[in-house]
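Report on the structure
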Amino acid sequence: MPDFPAATQRSRVRVPLRFHDGYGVDAELVTFHGLTDGQEHVAIVLGNPAPGTTPLVRLHSECLTGDVFGSARCDCGPQLREAVERIADRGGVLLYLRQEGRGIGLYNKLDAYALQDQGLDTYEANAALGLPEDARDYTAAAQMLQALGITALDLLSNNPDKADQLRALGTDVRDRVPTGVFTTPHNVRYLRAKVLQTQHTLPLGELSELNAG
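Attention in this report is confined to the structure presented alongside it. All residue numbers refer to position in the chain's written sequence, counted from 1. The predicted origin of the model limits local features to residues at a pLDDT of at least 70 and limits the giving and counting of side-chain atom pairs to 80 or more, whereas totals for whole chains, interfaces and linings rest on all residues. Based on all heavy atoms of the structure, the side-chain values leave hydrogens and waters out of the count.

Time to look at the environment of S157. Put simply, DSSP H or I for four residues or longer makes a helix, DSSP E for two residues or longer makes a strand, and each gets a number counted from the N terminus. With respect to the secondary-structure elements, S157 resides in the loop between β6 (152–156) and α7 (160–168). Taking the C-alpha atoms as reference, S157 lies 9.4 Å from A83; in sequence the two are 74 residues apart.

Once that is clear, we can look at the environment of V45. Summarising the element assignment, V45 is placed in strand β3 (residues 42–46). A sequence separation of 42 residues divides V45 from I87, and the C-alpha atoms of the two residues are 8.6 Å apart. In contact with V45, other than residues within four places in its own chain, are R12, A27, E28, V30, G92 and V93. Contacts are assigned to residue pairs that have any heavy atoms within 4.5 Å of one another.

What follows covers α7. An α-helix turns once every 3.6 residues. As a result, residues three or four positions apart point the same way. Relative accessibility under 20% of the residue-type maximum defines a buried residue, over 50% an exposed one, and the middle range a partly exposed one, all with a 1.4 Å probe and only protein chains included. For α7, the complete set of buried residues consists of P160, K162, A163, Q165 and L166. Distance and chemistry together define a polar contact, namely a pair of N or O atoms within 3.5 Å, with one atom able to donate a hydrogen and the other to accept it when in protein, and with adjacent residues in sequence counting only for side-chain atoms on both sides. The residue sitting at the N-terminus of α7 and contributing the capping side-chain oxygen is N159; that oxygen lies 3.0 Å from the backbone nitrogen of D161. G170 sits one or two residues past α7 and shows a positive phi near 95°.

Let us now look at the sheet that holds strand β7 (residues 172–177). One open sheet accounts for seven strands, arranged β1-β2-β3-β5-β4-β6-β7; its pairing is mixed. Each edge of the sheet is formed by a strand with only one pairing partner; in this case those strands are β1 (8–18) and β7. Sheet twist, expressed as the mean angle between neighbouring strand axes with direction ignored, is 30°. Pairing between two strands requires that DSSP report at least two bridges joining them. As judged from the two bridges shared by strand β4 (residues 56–61) and β6, these two strands associate in the parallel manner. Throughout, an axis means a line fitted to C-alpha atoms (over the contacting stretch in the case of helices), and angles, computed between N-to-C directions, take values from 0 to 180 degrees.

Have a look at this one:
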């Protein structure tokens with residue numbers, strides 16, 4: 001079993017969630033003591049898994065531009081909206097992780113956007129800034145799941161690295177469930193880079209057709 005300190009639940013509070021398209025659901029937000037990275041990550045508990053089933057879990061990295069402002073340069077906002085409903089229907093948890101820009105921070109992410117406007121893809125832009133392609137570490141996520149009593153789950157994600165890291169941290173990821181594909185003319189190069197550089201499970205053929213158009 002991986003050796004990392006245990007986190008504990010700090011507080012739980014009921015919060016009604018309401019989205020711009022009219023969808024709403026009641027959730028329970030959980031905060032924690034003892035997370036290894038010192039960040040204020042939050043678990044959003046939604047629905048109730050049926051007896052004998054594994055909960056559906058998403059690790060969602062914070063994206064101010066996409067989640068809050070509706071930026072079309074990424075698919076983060078639509079993924080967040082989809083995940084809340086899918087998890088609420090089945091029962092599980094969304095971990096909202098303070099990892100803006102794949103862990104490089106908001107200002108660096110916006111600097112990377114400027115380089116993307118010059119022709120670099122999202123990973124090349126990070127490298128040009130002297131930053132990691134993906135700086136995210138999911139030890140805190142594993143701590144949160146452990147504190148919630150979740151040892152086995154189905155992971156709602158297109159990113160194989162999330163599943164690999166959780167498994168290495170001792171979490172039983174039984175299945176990786178892909179999210180929807182949310183393409184716009186502004187994010188298709190970003191999504192293609194995810195497939196080509198980090199093997200995200202997205203339909204490359206469809207993305208190539210849209211990019212060509």
